[in-house]
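Here's the letter readout for the chains.
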Amino acid sequence: MAKSSPVFTCQTCGAVHRKWAGRCDACGAWNSITEETPLSSGPKALGSKGRTIALTDLATEEAPPPRTSSGIDELDRVLGGGLVPASAILVGGDPGIGKSTLLLQAAASFANGGVKCLYISGEEAPAQVRMRAQRLGLGQAPVALGAETNLRDILTTLDAERPALAIIDSIQTMWLDNVESAPGSVAQVRASAHELVTFAKRRGVAIVIVGHVTKEGQIAGPRVVEHMVDTVLYFEGERGHQFRILRAVKNRFGPADEIGVFEMTGGGLAQVSNPSALFLSDRDQPAPGSAVFAGIEGTRPVLTEIQALVAPSPLGTPRRTVVGLDSGRLSTILAVLEARCGIPFAGLDVFLNVAGGMRVSEPAADLAVAAALVSAREDVAIPPDMVLFGEISLSGALRPVTQTESRLKEASKLGFSQAVAPTRSKVGQDAGMRVRQMPDLAAFVGEMFGAG
Ligand code: TYD
Ligand code: MG
């Protein structure tokens, strides 16, 4: 058989190159390209015939996958109603964000509920994990602990123990002896994840894989694992904030975009079942530049405060600083305000922030962002009992968004008494508040601030 040609893979982004180079064209990383032996050299290598596989049809009745509740509601919600047996779940996040803490709490909770649970740590010694468990008040939970990085040994152990759930913390520390590169490299991470996922499906073990993500979003790990697993959860939060958000970005067994909200306390992660109240609880006195956005995260309405600060810029190119929102979206909204409402931001520094360390990705936040910006620029405060939502199109028109009723209901529950929404929004019978419907941004700005 002809020797297959070598493959050069970037260890940072996973891009494949035909020859070695000092710098990866795809991600710009230096010295990250290494030679790898290809796993398979394609169909040509298939000399002999395979066996026929058994085929079924779509009509066969099958019970929906039974789910096991973790006993932690916020986690169950993100999983789509509980843990599905034989599923592979990736939990990604920045180092130190609390992944190990969350999963140890989850393991203890599952184990206390009678689920056989194995926690394999490749980063910490059993004594360290035990110490943390004691600190979390989980010292008595029947979780089997292991400290190992050799995946072959781990799979052998899993095969012998047959737990219902195994947690592998983290994929970056795991290595397979038949792959010739360091743990944490793309080749090792990909091969290890593949072994784990295959094992999960074959033996009916649910496997949770922990993966670290670096700040630049350059991930030697989770990104190459994402397509292999059934569910991808990201654990996020701003440093210095105690809120942590577990977000489902992919879920084969439930809705994506669902979030679970936690608070990091001295005794581990505590659930936050009413996030709106928490995100708004430490709201300052009504000040210019603050607007409350009635958003939807997954299936749940969440109210967040959008804060803006606008100040004359000493720089030739004014600053645009955004935390918790997409910066491209800010540029668009600034351009629409200038072109359609005659409110220029040239020569002004703009700072935009979502309070509480929350990340907002819904286009429905546009109106609240615009309101916060204009309010900061005109130095006019928005009434403190008002929520806003609506998508802004490039023409300056306001477009209706989904789930208007649940947004209004949540706002009303939290004591808000007026709302601004796009015209043609499906406002229900009794919204519980005064809803002003606006056709476009210029009309809103004119009425609210007398500007434009
Ligand atoms: P950890 O779960 O080790 O993070 P990861 O596995 O994602 O790297 O969490 C580490 C941080 O959490 C650490 O900085 C301390 C903090 N922490 C608390 O504030 N309270 C606690 O009860 C625990 C266990 C950790
Ligand atoms: Mg950890």
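Residues numbered from 1 in each chain as written. Chains lettered and ligands numbered in written order. Predicted model: local features only at pLDDT ≥ 70, side-chain atom pairs only at ≥ 80, totals over all residues. Heavy atoms only, no water.

J.: It is not clear to me how the UniProt feature "binding site: ATP" (unreviewed entry) in the protein chain should be interpreted in this structure. Could you clarify?
T.: Within the UniProt annotation, "binding site: ATP" (unreviewed entry) is assigned to Gly93, Asp94, Pro95, Gly96, Ile97, Gly98, Lys99 and Ser100. Note on placement: Pro95 falls in the loop between strand 4 (88-93) and helix 2 (99-112). Residues contacting Pro95, with those up to four places away along its chain left out, are His212, Val213 and Arg239. Checked against the element boundaries, Ser100 lands in helix 2. Take Ser100: its relative accessible area is 12%, and that puts it in the buried class. (UniProt positions renumbered as here; feature names shortened; annotations may be inferred. Helix = DSSP H or I, 4+ residues; strand = E, 2+ residues; numbered from the N terminus. Contact = heavy atoms within 4.5 Å. Buried < 20%, exposed > 50% of the residue type's maximum accessible area, 1.4 Å probe, protein only.)

J.: Looking at this structure, I do not really get the pattern of salt bridges. What am I missing?
T.: Side chains that differ in charge, positive against negative, can pair when their charged atoms come close. Considering all chains together, one arrives at 17 salt bridges under this definition. The partner of Arg77 in a salt bridge is Glu74, with the nearest N and O atoms 2.8 Å apart. With Arg77 and Glu74 both in helix 1 (residues 73-79) and three residues apart, this pair spans about one turn of that helix. Owing to a relative accessible area of 27%, Arg77 belongs among the partly exposed residues under this scheme. In this structure Glu74 comes out as buried when scored by relative accessible area, which is 1%. Between Arg377 and Glu378 there is a salt bridge whose closest N-O contact spans 2.9 Å. Residue classification places Arg377 among the partly exposed positions, given a relative accessible area of 30%. Each of Glu74, Arg77 and Arg300 takes part in one network of salt bridges that share partners. (Salt bridge = Lys/Arg side-chain N within 4 Å of Asp/Glu carboxyl O.)

J.: Could you clarify how one ought to interpret the domain arrangement of the protein chain in this entry?
T.: By convention, interface size is frequently given as the accessible area that disappears when the constituent parts associate. Here the domain parsing of the protein chain yields domain 1 (1-37), domain 2 (73-273) and domain 3 (277-449). One C-alpha centre belongs to domain 1, the other to domain 2; they are set 29 Å apart. Taken residue by residue, the interface counts eight residues in domain 1 and seven residues in domain 2. Contact between domain 1 and domain 2 buries roughly 510 Å² in total, counting both sides, with carbon and sulfur atoms accounting for 47%. Of all residues in domain 1, Gln11, Thr12 and Glu36 bury the most surface against domain 2, accounting for 68% of the area lost on that side. Counting across the domain 1 and domain 2 interface gives zero salt bridges. (Domains from an automatic or database assignment. Buried area = accessible area lost by both parts, 1.4 Å probe.)

J.: Is there a simple way to think about the packing of aromatic side chains in this case?
T.: For any two aromatic rings, the description comes down to two numbers: the centre-to-centre distance and the angle of the planes. Taken as a whole and assessed by the stated rule, the structure comprises two aromatic pairs. Measuring from centroid to centroid gives 6.2 Å for Phe235 and Phe262, while their planes differ by 75 degrees, and the two rings are edge-to-face. Here Phe235, found in strand 9 (residues 231-236), pairs with Phe262, found in strand 11 (residues 259-265); they are 27 residues apart in sequence, far enough to count as distant. Taken as a pair, Phe235 and Phe262 share a single burial class, namely buried. An angle of 90 degrees between the planes, with centres 6.2 Å apart, marks the rings of Phe444 and Phe449 as edge-to-face. For Phe444, a relative accessible area of 1% gives the class buried. Overall, Phe449 belongs to the buried group, its relative accessible area being 11%. Looking at Arg377, its charged tip hangs above the ring of Phe345, at a distance of 5.7 Å from the centre. In this structure, Arg407 packs its charged tip against the face of Phe389, placed 5.5 Å from the ring centre. (Phe/Tyr/Trp six-rings, centres within 6.5 Å; stacked < 30°, edge-to-face > 60°. Lys NZ or Arg CZ within 6 Å of the ring centre and 35° of its normal.)

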